[in-house]
Amino acid sequence: GSGAHNNLLLLVVDRMDDPVTPLLSQWTYQAMVHELLGLNNNRVILRGVPNVSKDLEEVVLSSAPGHDSFFRKHRNSNFGELGEAIQKLVQEYQARSKEHSVSNLTSIEDMQHFMEKYPELRSESHTVSKHVAIMGELARLVEVCSLMDVSAFEQDLACADDQGGHLKELMVKLDSSSIKIPDKLRLGMLYALRYE
């Protein structure tokens, strides 16, 4: 109705003076891939990743229409939502491949139908394997680089006021062998900005 227009609120946010947000860990799919694995020209290099198969050493992650609908739908999902979505993707794929399993091929029509579906299943299989491999490596890096811990401290630094406690915590983090140097640098910068 006409009354609705009176409730409009225009909010202009000036980010020119926000050095903190760019220093905080991002937990969306695309941002994590970019930050932890590298995303160049829509390509992710997984060569050297533990247990990765030969055909997944370099994969394409593109949100362009007609490419990878899963990535397009979930590139801004957070890490927890992503895990659930990938689990669902695997379950749906399992159900579809069972539908087309060899034991169901009893007639010529079944076989023809299977051969028509096979390229589609094969490309779907690659998509599923790709996301499972990427998610597996992201989860491994979150674990080995103590990223949950780092992120919790970043949030605390950005929001709470406890200079003495934060300095102690920062020293523990700088001393830690599991935290990567770029993460230590970001924590140091966040601390310096927070307490100037």
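In this report, we go over the structure that sits alongside the text. Worth saying up front: this structure is predicted, and the values here are computed from it rather than measured. (Residues numbered from 1 in each chain as written. Predicted model: local features only at pLDDT ≥ 70, side-chain atom pairs only at ≥ 80, totals over all residues. Heavy atoms only, no water.)

Let us now look at the pattern of salt bridges. A complete count under the given rule lists 14 salt bridges for this structure. Across the pair Arg47 and Glu57 runs a salt bridge, and its minimum N-O distance is 3.5 Å. In this pair, Arg47 sits in the loop between β1 (43–45) and β2 (58–60) while Glu57 sits in the loop between β1 and β2, placing the two residues 10 residues apart along the sequence. Residue Glu57 is classed as buried on the basis of its relative accessible area, which comes to 18%. (Salt bridge = Lys/Arg side-chain N within 4 Å of Asp/Glu carboxyl O. Helix = DSSP H or I, 4+ residues; strand = E, 2+ residues; numbered from the N terminus. Buried < 20%, exposed > 50% of the residue type's maximum accessible area, 1.4 Å probe, protein only.)

Attention shifts here to the packing of aromatic side chains. Applying the stated rule across the entire model yields 3 aromatic pairs. Ring plane angle 75 degrees and centroid distance 5.5 Å describe the contact between Tyr29 and Phe71, whose orientation is recorded as edge-to-face. Taken as a pair, Tyr29 in helix α1 (residues 29–37) and Phe71 in helix α2 (residues 69–74) lie far apart in primary sequence, 42 residues in all. Here Phe71 falls in the buried class, since its relative accessible area comes to 2%. (Phe/Tyr/Trp six-rings, centres within 6.5 Å; stacked < 30°, edge-to-face > 60°.)

Let's shift gears to the side chain of Ser146. Note on placement: Ser146 falls in the loop between α4 (108–144) and α5 (147–159). Judged by its relative accessible area of 17%, Ser146 falls in the buried class. For Ser146, the residues in contact, after removing those within four places along its chain, are Leu141, Ser178 and Ile179. (Contact = heavy atoms within 4.5 Å.)

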